[in-house]
Amino acid sequence: MQKIVILTGAGVSAESGLGTFRDKGGVWTRYDLTEVATPEGFARDPVKVHDFYNARRKNASGAEPNAAHFALADLQARHPGEVVIVTQNVDNLHEAAGATAIHMHGRLDRACCAACGADWQAPLEMFPDDPCPSCGASATRPDIVWFGEIPKALHVIAAHLETADLFAAIGTSGQVYPAAGFVTEAARAGARTVEINLEASDVAGLFDDRLTGPASESVPAWVETLLS
Ligand code: OAD
Ligand code: ZN
């Protein structure tokens, strides 16, 4: 039975109204990522960083999953083999569509404590002085993986890639490692690889197959061929 490992990026949530990072008008064209998405930026100006994530949390909390999220949930429920979704997205739209996903870059709806490591449901707005519910330290932060930090669950993901028969990267530009290297790891393990993106990305040549078009159309069509 075919095991499918899927990596998703911001392009999957774009049609739910959540902006991507590197496209025209994307988040990193409007904000300096060293200021809002690094541990050093947080140490320098925690209010600015909380403001940034508070705004993104508010946006994400009003967003609905689109046809791509629903199709992937359907695939996970109906494919006879294992379907593992690894997402770089910090929204909860895979879960809202009924899927389970490994959040390698963390989640907007979780907070964590830099002092003791506890994590909990994030309030809609977070502030630098919020005490940790576990140890009381004023060291709370969004449970987001920042640049310079190590993504979550990498050993679990590596084991899935090792046993994948099919690997798909959906709606990701392939610019951020280690996620950008998963296609090579999967191919080395013998998986067939496919990129599904609005247009062929700069790293499309690393994949066996390419499907282009908006995720809300291309992903349901791809899932239909897999399930038929
Ligand atoms: P990017 O913004 O780098 O790339 C988004 C990709 O989605 C691009 O290749 C677009 O062409 C594609 N795209 C846009 N709209 C689409 C649509 N409707 N359907 C299909 N594809 C579409 O976003 P990511 O690759 O997710 O990390 O970025 C990776 C990481 O960099 C993020 O997780 C984030 C960011 O900095 C952290 O914050 C740690
Ligand atoms: Zn704590």
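Rules of the game
- Residues numbered from 1 in each chain as written.
- Chains lettered and ligands numbered in written order.
- Predicted model: local features only at pLDDT ≥ 70, side-chain atom pairs only at ≥ 80, totals over all residues.
- Heavy atoms only, no water.
- Helix = DSSP H or I, 4+ residues; strand = E, 2+ residues; numbered from the N terminus.
- Rg over C-alpha atoms; globule rule 2.2 N^0.38 Å.
- Buried < 20%, exposed > 50% of the residue type's maximum accessible area, 1.4 Å probe, protein only.
- Contact = heavy atoms within 4.5 Å.
- Areas by Shrake-Rupley, 256 points an atom, 1.4 Å probe, with all protein chains shown as cover.
- Lys, Arg positive; Asp, Glu negative; His and termini not counted.
- Charge placed at Lys NZ, Arg CZ, Asp CG, Glu CD.
- Pairing = 2+ DSSP bridges.
- Phe/Tyr/Trp six-rings, centres within 6.5 Å; stacked < 30°, edge-to-face > 60°.
- Axes fitted to C-alpha atoms, helices over the stretch in contact; angles between N-to-C directions.
- Donors = N, O, S within 2.8 Å, 3.2 Å for Na, K, Ca; no water.
- Tetrahedral: all angles 85-135°; square planar, octahedral: opposite > 155°, others 65-115°.
- Expected span 1.5 Å × (residues − 1).

Caption draft 1: Just the overall build of the protein, in detail. Scanning the protein from N- to C-terminus turns up ten helices and nine strands. In terms of overall size, the protein behaves like a compact globule, its C-alpha atoms giving a radius of gyration of 18 Å where 228 residues would be expected to give roughly 17 Å. Oriented by its inertia axes, the alpha-carbon framework of the protein measures out at about 55 × 35 × 30 Å. For the protein, the proportion of its 228 residues judged to be buried stands at 49%. Residue pairs in contact within the protein that sit at least 24 positions apart in sequence constitute 64% of those at least 6 positions apart. Of the roughly 10700 Å² of accessible surface on the protein, a fraction of 52% belongs to carbon and sulfur atoms. Computed over 17 positive and 29 negative side-chain charges, the inter-centroid distance for the protein is 2 Å.

Caption draft 2: Spatial organisation of the sheet that holds strand S7 (residues 166-170). On the basis of which strands lie adjacent, the open sheet formed by six strands has the order S3-S2-S1-S7-S8-S9 and parallel pairing. If you trace the sheet from one side to the other, it starts and ends with strand S3 (102-103) and strand S9 (209-212), each paired once. Relative to S9, strand S8 (residues 192-197) runs parallel, the two sharing four bridges. The residue of S9 that forms the bridge with Asn197 is Thr212.

Caption draft 3: The packing of aromatic side chains, seen in detail. Across all of its chains, the model carries seven aromatic pairs by this definition. Pairwise contacts between aromatic rings join Phe21, Trp28, Tyr31, Phe42, Phe52, Tyr53, Trp146 and Phe147 into one cluster.

Caption draft 4: Seen up close, the sheet that holds strand S6 (residues 140-144). Here we have three strands laid out as an open sheet, ordered S5-S4-S6, and antiparallel in their pairing. Strands with a single pairing partner mark the edges of an open sheet, and in this sheet they are strand S5 (119-121) and S6. In this sheet, adjacent strand axes meet at a mean angle of 45° when their direction is disregarded. Relative to S5, strand S4 (residues 106-113) runs antiparallel, the two being bridged by three bridges. Counterpart to Cys112 in the pairing with S5 is Asp119.

Caption draft 5: The pairing of S7, seen in detail. In terms of burial, S7 is largely enclosed, as five of its five residues are buried. Side chains of S7 alternate between two faces, with Leu166, Ala168 and Ile170 and Phe167 and Ala169 buried alike. Bridge analysis of strand S1 (residues 4-8) against S7 gives five bridges, and the strand direction is parallel. For Ile4, the partnering residue across the bridge sits in S7 and is Leu166. Relative to S8, S7 runs parallel, the two sharing five bridges. Each bridged residue has a counterpart across the sheet, and for Ala169 the counterpart in S8 is Glu195.

Caption draft 6: Representation of the coordination of the zinc ion (ligand 2) within the structure. Taken together, the protein donors to the zinc ion (ligand 2) comprise Cys113 (SG), Cys116 (SG), Cys132 (SG) and Cys135 (SG), at separations of 2.3 to 2.4 Å. Between the four donor atoms coordinating the zinc ion (ligand 2), the angles at the centre fall across 106 to 111°, so the site counts as tetrahedral. Counting residues between consecutive donors of the zinc ion (ligand 2) along the chain gives the motif C-x2-C-x15-C-x2-C. One end of the pair, Cys113, is in strand S4; the other, Cys132, is in the loop between S5 and S6, with 19 residues separating them in the sequence. Here Cys113 and Cys132 have matching classes, each one buried.

Caption draft 7: Layout of helix H5 (residues 46-61). A rise of 1.5 Å per residue sets the reference length of H5, with its 16 residues, at 22 Å; its end C-alpha atoms lie 22 Å apart and thus fit the reference within 8%. Taken as a whole, H5 has its buried residues at Val49, His50, Phe52, Tyr53, Asn54, Arg56, Arg57 and Ala60. On the buried face of H5, the contacting elements are helix H2 (27-30), helix H3 (33-36), helix H4 (39-44), S4 and S6.

Distances and angles like these do not, on their own, reveal function.
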